[in-house]
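Single-letter residue listing:
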Amino acid sequence: MTKQLLLTSEQFHPAFAALLRYERRQARIEHPSGSFDKAKRWYPSGRDEDVIDFGRSPSRSYPNSYNLACRSLAHCERYEEADHQVVLRLKRELKKLGVGAKDANAKGLLRAALLDRELPQANTSNCDRERF
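Participant: Would you mind showing me how to read the packing of aromatic side chains here?
Facilitator: Remark: the centre distance and the inter-plane angle together describe each pair of aromatic rings, the angle taken between the planes. The full count for this structure, using the stated rule, is two aromatic pairs. On the basis of an interplanar angle of 70° and a centroid distance of 6.1 Å, the ring pair of Y43 and Y66 is categorised as edge-to-face. Pair noted here: Y43 is in strand β2 (residues 42-44) and Y66 is in helix α3 (residues 65-70), with a separation of 23 residues, a long-range link. The residue whose ring lies beneath R25 is Y79, and the NZ or CZ to ring-centre distance is 5.4 Å. The ring of Y79 has R47 sitting right over it, with the charged end atom 5.2 Å from the ring centre.

Here is the structure:
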């Protein structure tokens, strides 16, 4: 049996923003901020520079290593300060629904599927008797 992760709106919004940023960066619609040096190596700047903490440093052989690291899901999660498990759950739900985070109605569908449900009521009829 799998453990269900309860979501709050405080968890939902940064997680959805991280997933949206990830999909945009993977599709090359959005680009991380940064610049190239004279040897054509790319280095991040701004918020991307503050958030990056992994990845191979650029060299002449691998000049875009930081650029690729800034397009990863882990980097986008740190950028938006989102929880990894929540982002993965949103990604799974979107895949089940057959839409991407970039679609116009994706946020509404996820809210309906995860946040707007009524919580199940506990069955208290069996709690009156003792077990031993």
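Participant: I keep staring at the side chain of E93 and nothing clicks. Help me out?
Facilitator: Note that E93 resides in helix α5 (residues 84-97). Setting aside anything within four residues of it in sequence, one finds E93 in contact with L110 and L114.

Participant: Which parts of the structure should I look at to understand the pattern of salt bridges?
Facilitator: Close approach of charged atoms allows side chains of opposite charge to pair. For the structure shown, the criterion picks out eight salt bridges. Across the pair E80 and R21 runs a salt bridge, and its minimum N-O distance is 2.8 Å. Separated by 59 residues along the polypeptide, E80 in helix α4 (residues 73-80) and R21 in helix α1 (residues 9-26) bring together distant segments of the chain. The partner of K96 in a salt bridge is E93, and the shortest N-O contact between them spans 3.6 Å. With K96 and E93 both in helix α5 and three residues apart, this pair spans about one turn of that helix.

Participant: I'm lost on the environment of D103 in this one. Help?
Facilitator: Along the polypeptide, D103 turns up in the loop between α5 and α6 (106-115). Of the residues examined, D103 reaches a relative accessible area of 36% and is grouped as partly exposed. Taking the C-alpha atoms as reference points, D103 and L20, 83 residues apart in sequence, are found 9.5 Å from one another.

Participant: So what exactly am I meant to see when it comes to the state of the cysteines here?
Facilitator: A covalent bond between the sulfur atoms of two cysteines is referred to as a disulfide. One pass over the full model with this rule turns up zero disulfides. Of all cysteine sulfurs, the one in C76 lies closest to C70, which takes part in no disulfide; the gap is 8.5 Å. You can call C76 buried: its relative accessible area is 0%.

Participant: Please clarify how the nonpolar core should be interpreted in this entry.
Facilitator: Looking at soluble globular proteins, one finds that nonpolar side chains tend to be buried together. Judged by nonpolar contacts, the single largest core of 20 residues is most densely connected at F16, L19, V87, L90 and L110. Looking at this core, the elements that each hand over two or more residues are α1, α4, α5 and α6. The next biggest cluster of nonpolar side chains, apart from the first, holds five residues, and it includes W42, I52, Y66 and A69.

Definitions and limits used
Residues numbered from 1 in each chain as written. Predicted model: local features only at pLDDT ≥ 70, side-chain atom pairs only at ≥ 80, totals over all residues. Heavy atoms only, no water. Phe/Tyr/Trp six-rings, centres within 6.5 Å; stacked < 30°, edge-to-face > 60°. Helix = DSSP H or I, 4+ residues; strand = E, 2+ residues; numbered from the N terminus. Lys NZ or Arg CZ within 6 Å of the ring centre and 35° of its normal. Contact = heavy atoms within 4.5 Å. Salt bridge = Lys/Arg side-chain N within 4 Å of Asp/Glu carboxyl O. Buried < 20%, exposed > 50% of the residue type's maximum accessible area, 1.4 Å probe, protein only. Disulfide = S-S within 2.5 Å. Core = buried A, V, L, I, M, F, W, Y, C linked by side-chain atoms within 4.5 Å.

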